[in-house]
Amino acid sequence: MIVSLHVTHASAGGTAALNDVVPELDEEVRRRLPGVQQISEYVVVRTCNRFEAYAVATDNAVAKGFFETMIKNVVPTGNIAYILEDRDTIAHLFRVVCGLDSLIVGEDQIQHQVRESYCAAREEGTAKGMLTRLFDRALAVGKRVRTETALNKGAVSVGSAAVELAESRLGTLEGRSIIILGAGDIASVIAKNLMGRRLGAVVVSNRTYSRAIELAEELGGRAVSMMRMTDAIADSDVVLVATGAPHAVLREDHVRRAMSSRPERPLLVIDVSVPCNTEQSVSNVPNVSLESMDSLQSIAMENVRRRRDEIRSAETIITEELLRLDDEQRERRADEVIRAIGLKLADIRGRELAYARSREGSVGTDELIEDLSRALVGKITAELYRNLREASRDGRTDICDAAAELFGLEESQ
């Protein structure tokens with residue numbers, strides 16, 4: 001039915017291990033998944049903290065084998081990926097959309113990211129019936145959790161955690177000069193969390209200069225091109241890196257040139273990009289400190305502690321929704337049988353009604369109605385009675401009991 005592959009910050013023991021694995025795994029899965037005949041639908045979800053692939057399969061064993069091969073090809077050593085099936089996959093997706101599986105528990109960006117991945121799959125035609133129902137349901141569960149609990153209230157995103165980390169390292173951000181490298185979703189969240197903190201100078205630099213201008217205006221700061229990034233860093237206390245580049249944007253030589261004019265003034269670099277867009281060697285520059293996604297772990301743990309009650313409430317909602325889904329799944333089988341019975345009875349009715357109409361005028365009305373009603377009952381029950389007698393002869397009394405229950409005969413016996 002449904003099989004899913006997962007590589008997350010939790011399974012990898014931090015985000016650093018994701019840097020090399022996720023891009024290659026993403027490329028391999030997207031390239032080879034369409035060629036697996038037993039897989040009819042799939043959705044790939046890739047964020048800064050995870051890579052996941054959800055597939056509808058006619059044979060779960062084939063889908064599992066495909067994913068296991070991918071893991072061996074991309075990650076020959078180390079156990080950083082895992083595979084789920086059916087109800088476990090559904091429960092996991094619900095937890096992801098609700099923010100319970102995020103590095104920062106309750107983060108509100110993950111629902112948007114999952115929705116974007118799902119919508120892209122629908123546009124490409126890889127998400128159809130079953131995955132459409134599943135992801136629509138998961139997004140509805142996420143909305144319910146955000147409406148009925150306070151799980152996503154406060155600092156619950158990578159961007160807000162980055163700002164919180166900067167404050168914890170510097171004591172306060174008041175009067176501090178900050179440069180943001182990047183102007184995408186996470187950079188926007190960082191900007192939102194910087195507002196009202198009485199900062200000093202604020203600079204935004206991005207590959208797309210027009211987007212840097214937009215974000216800088218929101219902060220009351222200024223935008224600079226990436227060519228002038230080094231000069232801006234020289235005037236900053238904090239560099240917040242949140243770009244979507246697949247390579248290092250902030251290099252050691254940038255930082256060395258920036259620090260040459262202010263060697264005694266400390267510089268804090270916080271990179272929340274995945275893969276990390278800052279060369280690790282920048283920490284070799286005197287008076288420069290580098291923090292990455294893994295540095296947010298302490299903030300993440302504190303976030304879990306503060307939201308323990310909300311986490312329990314969210315888990316309760318997910319359990320309720322899974323049980324409701326189980327009930328619907330069981331009812332779906334009944335709906336299939338009811339539909340089949342309806343079609344069969346409609347066919348009998350149509351044939352008998354046509355025969356009755358062919359006799360109009362040759363017999364009286366009362367006789368016609370009597371014959372029609374008798375024929376309908378006989379045709380409807382003939383196979384039922386035959387199967388009941390056969391079941392009884394074979395000792396399958398449960399069939400007889402079921403028939404009695406279905407026709408409401410238990411009390412009359």
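Every value quoted in this text rests on a predicted model; they were computed, and no experiment measured them.

## Thoughts on the sheet that holds strand 2 (residues 39-47)
Next up, step 1: Spatially, four strands are ordered 2-3-1-4 in an open sheet, and the strand pairing comes out antiparallel. In this open sheet, the two strands that pair with only one neighbour each are strand 2 and strand 4 (82-85). Here the strands of the sheet are splayed against their neighbours by 15° on average, with no regard to which way each runs.
Next up, step 2: Across four bridges, the pairing between strand 1 (residues 2-8) and strand 4 is antiparallel. Bridged to Val3 within strand 4 is Glu85.
Next up, step 3: Against the sheet, helix 5 (residues 129-148) makes contact with strand 1, strand 2 and strand 3 (50-57), and its axis sits at roughly 35° relative to strand 2, the strand it touches most.

## Details of the layout of surface pockets
Empty space among the atoms can be located by rolling a probe the size of a water molecule over them.
Next up, step 1: The space that makes up the largest pocket amounts to roughly 980 Å³.
Next up, step 2: Contributing elements (two or more residues each) for the lining of the largest pocket: helix 1 (18-32), strand 2, helix 4 (109-124) and helix 7 (185-194).
Next up, step 3: Grouping the constituent residues of the lining of the largest pocket by class yields 18 nonpolar, 15 polar and four charged.
Next up, step 4: For the second largest pocket, the calculated volume is near 710 Å³.
Next up, step 5: In terms of lining, the second largest pocket is formed by 20 residues, of which the most central are Ile341, Ile380, Leu384, Asn387 and Phe407.
Next up, step 6: Breaking the lining of the second largest pocket down by element, the ones donating at least two residues are helix 12 (308-358), helix 13 (365-393) and helix 14 (397-406).
Next up, step 7: The greatest single-element share of the lining of the second largest pocket, amounting to nine residues, is contributed by helix 13.
Next up, step 8: Looking at side-chain class alone, the lining of the second largest pocket contains 13 nonpolar, two polar and five charged residues.

## Brief notes about the sheet that holds strand 5 (residues 178-181)
Next up, step 1: The six strands are arranged 7-6-5-8-9-10 in an open sheet whose pairing can be described as parallel. The sheet terminates laterally at strand 7 (222-224) and strand 10 (288-291), the two strands that pair on one side only. The sheet shows a mean angle of 20° between the axes of neighbouring strands, taken without regard to direction.
Next up, step 2: Alignment of strand 9 (residues 267-271) against strand 10, held across four bridges, turns out to be parallel.

## A short note on the packing of aromatic side chains
Next up, step 1: Tallying each qualifying case throughout the model produces three aromatic pairs.
Next up, step 2: Judged by centre distance (5.5 Å) and plane angle (85°), the ring pair of Tyr54 and Phe135 falls under edge-to-face. Here Tyr54 is found in strand 3, whereas its partner Phe135 is found in helix 5, with 81 residues between them in sequence.

Conventions adopted
Residues numbered from 1 in each chain as written. Predicted model: local features only at pLDDT ≥ 70, side-chain atom pairs only at ≥ 80, totals over all residues. Heavy atoms only, no water. Pairing = 2+ DSSP bridges. Helix = DSSP H or I, 4+ residues; strand = E, 2+ residues; numbered from the N terminus. Axes fitted to C-alpha atoms, helices over the stretch in contact; angles between N-to-C directions. Contact = heavy atoms within 4.5 Å. 1 Å grid on protein atoms, 1.4 Å probe; cavity = no way out; pocket = protein on both sides within 12 Å on 5 of 7 lines; lining within 4 Å. Points joined across faces, edges and corners; volume = space filled by probe spheres on them. Nonpolar A, V, L, I, M, F, W, Y, C, P; charged D, E, K, R; others polar. Phe/Tyr/Trp six-rings, centres within 6.5 Å; stacked < 30°, edge-to-face > 60°.

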